[in-house]
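# Residue-level structural notes
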Amino acid sequence: MVKLLKTIVILSKKLKIKQIKSKFIVTLFLLLCCPFNIFSQTLFYSDILQGGVTGNGATRGAGSGAITMNVKIPPISTIKKAFLIAAREKDKEKITVTLNNKNYRFSDSTIITNGFLSLFQNPVNFTNSSMHAIDITTDIDSSINIYNLFIPPPSGTSGVDGLFAFYYLYIVFENPIYPKINCYLFLNNQDVAPITTYSLNNINPFNNSKPIGLGVATSNFCGSSYPNDSSYISVNNNTIGLLGGEDQNSSMVTCASAWANFAHYNDTLFGLDDDTSDSLMGGTDALADIKSYVNNGDTSVDVTFTYQTLNNSNGGILTNPIRAVMLSYSTPCDTFSTAATATQDTICLGDSVQLNATGGATYSWYSPFSTFNDSTLANPIATPSQTTTYIVTIKNDSGCVKTEHVKIWVRLVPTPDTIVISPQTCGSPNGSITVGTIAQGTPPFTIVLTNLTTSTIEPQTTNLLSGNYQLTITDNNGCTWQSDTLFVPQINNVIANFYSFPQAPWNNPNQSLGKAPMEVSFFNASQNANMFEWSISEIASYLAMTGPKDTIVEIPICTGMTSSCGLQHFFTEGGTYE
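Residue positions are given per chain, counting from 1 as you read along its sequence in written order. Since the coordinates come from a predicted model, pLDDT governs what is reported: local features require at least 70, and pairs of side-chain atoms require 80 or more to be given and counted, while whole-chain, interface and lining totals use all residues. Only hydrogens and water are set aside when side-chain values are computed; all heavy atoms of the structure are taken into account.

### Looking at the packing of aromatic side chains
Working definition: a ring pair exists when centres of Phe, Tyr or Trp rings (six-membered ring for Trp) sit within 6.5 Å. Plane angles under 30 degrees give stacked, over 60 give edge-to-face, the rest tilted. All told, the structure shown has 19 aromatic pairs when counted by the stated rule. With a centroid separation of 5.7 Å and 10° between ring planes, the pair formed by Tyr184 and Phe186 is classed as stacked. Burial classes: relative accessible area under 20% of the type maximum marks a residue as buried, over 50% as exposed, and values in between as partly exposed (1.4 Å probe, protein chains only). By relative accessible area, which is 3% here, Phe186 ends up buried. The rings of Phe44, Tyr45, Phe83 and Tyr170 are connected pair by pair, giving a single aromatic cluster. The ring of Phe270 is capped by Lys72, whose NZ or CZ atom sits 5.1 Å from the centre of that ring. Here, a charge over a ring is recorded when the distance from Lys NZ or Arg CZ to the ring centre is within 6 Å and its angle to the ring normal is within 35 degrees.

Written out as structure tokens, the structure reads:
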């Protein structure tokens, strides 16, 4: 079946089989034999402006070093937006890269999409992978067309603990002398699969009388490094090439794969480095003008990737991940003004924030780490679970689309790792609540203990009576953690005990022991106490029917070691005594 797929693709190219027939054969093959995905990638950025867009990618795989990235920005342009994009395998890595001597930190706070399988390569599965982006607009100079990216070594062990595997510099610029351009940047959000179709829907209408740039960013399409480990790419069921190999900006990393190095402005699509602006892709050329594969006015396009063979020699079948898809083209849509803001840009974990977008007729908000009261409102209430970039897709009355971003920083609350409760013992105010290490939040911390029984604040967390309490911890940023009800129990662990020795009375030393009258010595064997009081009730059991003698002998309180606290008592009658 693998050979059949390859044969079908080649025949459709050589013989130019009618599109409807080719479409039927390939679809039938997919349904019969192959796992595949059909979905839209996450729309990260879209804009309509006078100007253009340019981009370039780089990787050192699991290694490190410097890479030069070329972009193309014409004179007298101003930067509208710029992003440094990164792909992270798994979820444990953090890294600081340097771009033209400025540092950028990729971490959980820069995630745009996450939770997908990017590679399946026995014995390592790269689950919970993510795409990241940092807005670097203010750091980009429109007069600079060469960028040097330095990638440090990954902190993980041979990539098993996760690593950042790919980077892309995406720049949008304005220039009043150039015609309008519409640009789209989609970031991956789904598992890698042998056959994957990205249905890019609800986009602005195409004008196919001018270039329509399609650029893709991929990795691990090994090409000639591993025979048959490339992927075919097709647009609306038209195969346009076979991608794979080591891109020019990979520093010759094995299995680096291909990404588009390009610029698009003044109705002209430019290929940079090893990319060309013709209608095909191939090898490490990941750029194509697809105007002949779409209809004028279309508002969607399908981009499909199909493994060259399902059983490649690279240790597994799921090794060709897509990182991003980029579109740039002329559109009949006019420019329109939009904005997105928030009531505040920093909140504490668990708090909510009001978002607000303007300039459109309809709105759609997205973040992988948030809930909304209604994501279709212009001004929803959002509750993020971590620092997140909100993306709002804005559509105006004409059906034209743009995006805006709002980043909300979420501060962690000062949560203790442990809370140890010591009980009150023997009625003394000696209970306590001990707070463990507070690893999250910003010191110094303020700890307040409330007595829920009396509704008062305790001066300390020691010397407590039994009862219900609640802890509140506030950090230097004002973020607060509050415990559930904490109960300090009361225990009495005193064990009263003694042992005794009978003695012959002084006036009859020859009397057998165990018979009254006799003298008995008592020795204290109690535990967990330090004050003692003795008393003996002279109530003989055989006199119970006639009434107690009611004679009580009280011995003064004694303190100190239990062995030093005892007494002697002379019993005149036999019986059971308390």
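### Some points on the sheet that holds strand β23 (residues 339–342)
Strand order across the open sheet formed by four strands is β23-β25-β28-β27, with antiparallel pairing between neighbours. Where the open sheet ends on each side, the last strands, each with one partner, are β23 and β27 (370–372). Here the strands of the sheet are splayed against their neighbours by 30° on average, with no regard to which way each runs. As defined by bridge partners, β27 adjoins strand β28 (residues 381–384) across three bridges and the pair is classed as antiparallel. Each residue of the ladder has a partner; that of Thr371, found in β28, is Thr383. Pairing between strands requires that DSSP locate at least two bridges from one strand to the other. Numbered from the N terminus, helices here are DSSP runs of H or I no shorter than four residues, and strands are runs of E no shorter than two. Only the contacting stretch of a helix is used when fitting its axis, a line to C-alpha atoms as for every element, and angles between N-to-C directions run 0 to 180 degrees.

### Overview of the environment of Val494
Note that Val494 resides in the loop between β39 (490–491) and β40 (498–503). Taking the relative accessible area as the measure of exposure, Val494 reaches 36% and is therefore partly exposed. Between the alpha carbons of Val494 and Gln527 there is a distance of 5.7 Å; along the sequence they are 33 residues apart. Note on contacts: a residue pair is in contact if any heavy atoms of the two residues lie within 4.5 Å. Setting aside its immediate chain neighbours within four residues, Val494 contacts Cys426, Gln527, Asn528 and Ala529.

### Re the pattern of salt bridges
Salt bridges are defined as contacts in which a side-chain nitrogen from Lys or Arg sits within 4 Å of a carboxyl oxygen from Asp or Glu. As enumerated under the stated definition, the model contains eight salt bridges in all. Salt-bridge contacts for Asp135 lead to Lys81; the nearest nitrogen and oxygen are separated by 3.3 Å. Placement of the pair is Asp135 in strand β10 (residues 129–135) and Lys81 in strand β4 (residues 78–89), with a sequence separation of 54 residues. Residues participating in the shared-partner salt-bridge network are Asp47, Lys80 and Lys402.

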